[in-house]
Amino acid sequence: MAGILDVPKPRINCSMLSQFISRAICFVGRVEKVHPTGKMFTVMDGEGKTATVELNEPLEEELSGIVEVIGMVSNKGEIMASTYNLLREDKGIPFDLELYNEALKVIHDFPQHYPFQVAASG
């Protein structure tokens, strides 16, 4: 069986979480708050809505700014992270989450032009 990093993952925002229960996803957002245990944090998407991300292991680094999370959506609508990547905002150019959110809408509104889902082959 392919691992979560080996399968295509739709990029989603908070409004789409309930449509992707028990599926691998990619979520980009701004870190809002890290739980004191370091095993959970909240992220805000381009619509200003927040999602909870749970980690298998406590964080070993300070987490702030924009983060890309790869994981599965739980039945509670939380993201169970397999991995995450900090997106550095270099050269004073901030990541535009609102614009990213607009791109997500286009991708999901026109799936025939953005075929990121690959059919499983037997």
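Residues numbered from 1 in each chain as written. Predicted model: local features only at pLDDT ≥ 70, side-chain atom pairs only at ≥ 80, totals over all residues. Heavy atoms only, no water.

Student: What is the right way to look at helix 1 (residues 97-109) in this model?
Tutor: Think of an α-helix as turning once every 3.6 residues; residues three or four places apart then point the same way. Helix length check: helix 1 (13 residues) gives 18 Å between terminal C-alpha atoms against 18 Å at 1.5 Å per residue, within 8%. Listing the buried residues of helix 1 in full gives Leu97, Tyr100, Asn101 and Leu104. Seen along its axis, helix 1 keeps its buried residues to an arc of 100°; they face one direction. The exposed set on the far side of helix 1, more than 90 degrees from its buried face, consists of Glu98, Leu99 and Asp109. Tucked into the core, helix 1 has its buried residues touching strand 1 (11-12), strand 2 (24-34), strand 3 (40-44) and strand 5 (66-73). Between the side-chain oxygen at the start of helix 1 and the backbone nitrogen of glutamate 98 there is a gap of 3.1 Å, and the oxygen is on aspartate 96. (Helix = DSSP H or I, 4+ residues; strand = E, 2+ residues; numbered from the N terminus. Expected span 1.5 Å × (residues − 1). Buried < 20%, exposed > 50% of the residue type's maximum accessible area, 1.4 Å probe, protein only. Arc of directions from axis to C-beta. Contact = heavy atoms within 4.5 Å. Polar contact = N/O pair within 3.5 Å; in protein donor to acceptor, adjacent residues only side chain to side chain.)

Student: Would you take a moment to explain the pattern of salt bridges for this structure?
Tutor: One side chain can pair with another of opposite charge once the charged atoms of both are near each other. Summed over all chains, the structure comprises five salt bridges. Where lysine 49 meets glutamate 47, a salt bridge forms, and the shortest distance between an N and an O atom there is 3.7 Å. Of the charged contacts, one joins lysine 76 and glutamate 78 as a salt bridge, the two residues approaching to 3.9 Å between their closest N and O atoms. Accessibility expressed as a relative area gives 67% for lysine 76, which makes it exposed. One network of salt bridges, with partners in common, ties together Glu47, Lys49, Glu102 and Lys105. (Salt bridge = Lys/Arg side-chain N within 4 Å of Asp/Glu carboxyl O.)

Student: Is there a simple way to explain the confidence of the model for the protein chain in this structure?
Tutor: The predicted coordinates of low-pLDDT regions are not to be read in fine detail. Across the protein chain, the average pLDDT comes to 89, with 91% of residues at 70 or higher. Between residues 118-122, whose pLDDT stays under 50, and residues either more than four places distant or in other chains, the model counts one contact. (pLDDT = per-residue confidence, 0-100.)

Student: Quick question: what am I supposed to make of the environment of alanine 24 here?
Tutor: Locating alanine 24 in the fold gives a position in strand 2. In this structure, the C-alpha to C-alpha distance between alanine 24 and methionine 80, residues 56 residues apart in sequence, is 9.4 Å. When neighbours within four sequence positions are excluded, alanine 24 is seen to be in contact with Ile4, Val7, Lys9, Pro10, Gly71 and Met72.

Student: Help me out: how do you make sense of the packing of aromatic side chains in this one?
Tutor: What characterises a pair of aromatic rings is the spacing of the ring centres plus the angle enclosed by the ring planes. One pass over the full model with this rule turns up two aromatic pairs. Relative to tyrosine 84, the ring of phenylalanine 41 has its centre 6.5 Å away and its plane inclined at 75°; by these criteria the two rings are edge-to-face. Here tyrosine 84 lies in strand 6 (residues 79-87) and phenylalanine 41 lies in strand 3, a separation of 43 residues in the sequence. Residue classification places phenylalanine 41 among the buried positions, given a relative accessible area of 1%. (Phe/Tyr/Trp six-rings, centres within 6.5 Å; stacked < 30°, edge-to-face > 60°.)

Student: Any chance you could explain the pairing of strand 3 here in plain terms?
Tutor: Each regular strand shows side chains that alternate between the opposite faces of the sheet. Alternating residues of strand 3 divide into Phe41 and Val43, all buried, and Met40, Thr42 and Met44, none buried. As paired strands, strand 2 and strand 3 are joined by four bridges and run antiparallel to one another. Bridge pairing in strand 3 links arginine 30 to methionine 44. A loop of five residues connects strand 2 with strand 3, the two strands running antiparallel in sequence, and glycine 38 in this loop sits at a positive phi of about 80°. (Pairing = 2+ DSSP bridges.)

Student: Hey, could you run me through the side chain of glutamate 68 in this one?
Tutor: One can find glutamate 68 in strand 5. Here the side chain of glutamate 68 touches arginine 11 through a polar contact of 2.9 Å, side chain to side chain.

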